[in-house]
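Observations on the model geometry
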Amino acid sequence: MAIDQKTLDELKVMLLREKEELEKNLGRIAKPVNKAEGDYETSFEELGNDKDDNATEVDQYSQNLSVETSLEKQLQDILEALEKMEKGTYGKCENCNKDIPLERLQVNPSARVCLDC
Ligand SMILES: [Zn+2]
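This structure is a prediction, so every number in the text was calculated from the model and none was measured.

**Brief notes about the coordination of the zinc ion**
Distances from the zinc ion to its protein donors, Cys 93 (SG), Cys 96 (SG), Cys 114 (SG) and Cys 117 (SG), fall at 2.2 to 2.4 Å. Read from N- to C-terminus, the donor residues coordinating the zinc ion fall into the pattern C-x2-C-x17-C-x2-C. Its relative accessible area of 32% is what places Cys 96 among the partly exposed residues.

In structure tokens form, the structure reads like this:
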């Protein structure tokens, strides 16, 4: 691998920080189904039973759902990247298997593909 240990450690710290932040944000709108896999379920908040309440609940839910889906995806990319670090396959493009340039990883440590892909 082209990345030295020190850089790898720095990237790992970035990933762990991002992971913590994402879990915090997810925790506000969803509950974990499987935390280790970054699997969350959007919470449905019961506000009341009249028509307006129900409409607000559905609005709120669909809004949370789209936020949750996007946060969950980011979290899963991070978990994937951490797993690859363990396996020693971190920094390779998932598509063409070339090394992802370090500058790209430093901006986005959970990048899965290189710029060309
Ligand atoms: Zn590629």
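Having seen it, we continue.
**Some details on helix H2 (residues 51–87)**
Between its first and last C-alpha, H2 extends 53 Å over 37 residues, near the 54 Å set by a 1.5 Å rise per residue. The distance from a side-chain oxygen at the start of H2 to the backbone nitrogen of Asp 52 is 3.0 Å, and the residue carrying that oxygen is Asp 50.

**Looking at the packing of helix H1 (residues 5–29) against H2**
Running from N to C, H1 and H2 cross one another at 155°; their axes reach a closest spacing of 9 Å. One way to sum up the angle between H1 and H2 is to call them roughly antiparallel. Along this stretch, H1 crosses H2, giving a crossing that reads as left-handed. Partitioned by chemical class, the residues of the contact of H1 with H2 number 15 nonpolar, 3 polar and 7 charged.

**Focus on the pairing of strand E2 (residues 39–42)**
Only one face of E2 is covered, namely the one carrying Tyr 40 and Thr 42; the face carrying Asp 39 and Glu 41 has none of its residues buried. Summarising the sheet, strand E1 (residues 30–34) and E2 pair through 4 bridges and their orientation is antiparallel. Across the sheet, Ala 30 pairs through a bridge with Thr 42, a residue of E2. Counting the residues in the hairpin turn of E1 and E2 gives 4 residues, including Gly 38, whose phi is positive at 70°.

The rules behind each value
Residues numbered from 1 in each chain as written. Predicted model: local features only at pLDDT ≥ 70, side-chain atom pairs only at ≥ 80, totals over all residues. Heavy atoms only, no water. Donors = N, O, S within 2.8 Å, 3.2 Å for Na, K, Ca; no water. Buried < 20%, exposed > 50% of the residue type's maximum accessible area, 1.4 Å probe, protein only. Helix = DSSP H or I, 4+ residues; strand = E, 2+ residues; numbered from the N terminus. Expected span 1.5 Å × (residues − 1). Polar contact = N/O pair within 3.5 Å; in protein donor to acceptor, adjacent residues only side chain to side chain. Axes fitted to C-alpha atoms, helices over the stretch in contact; angles between N-to-C directions. Parallel < 35°, antiparallel > 145°, perpendicular 65-115°, else oblique. Left-handed = near helix turned anticlockwise from the far one by under 90°. Nonpolar A, V, L, I, M, F, W, Y, C, P; charged D, E, K, R; others polar. Pairing = 2+ DSSP bridges.

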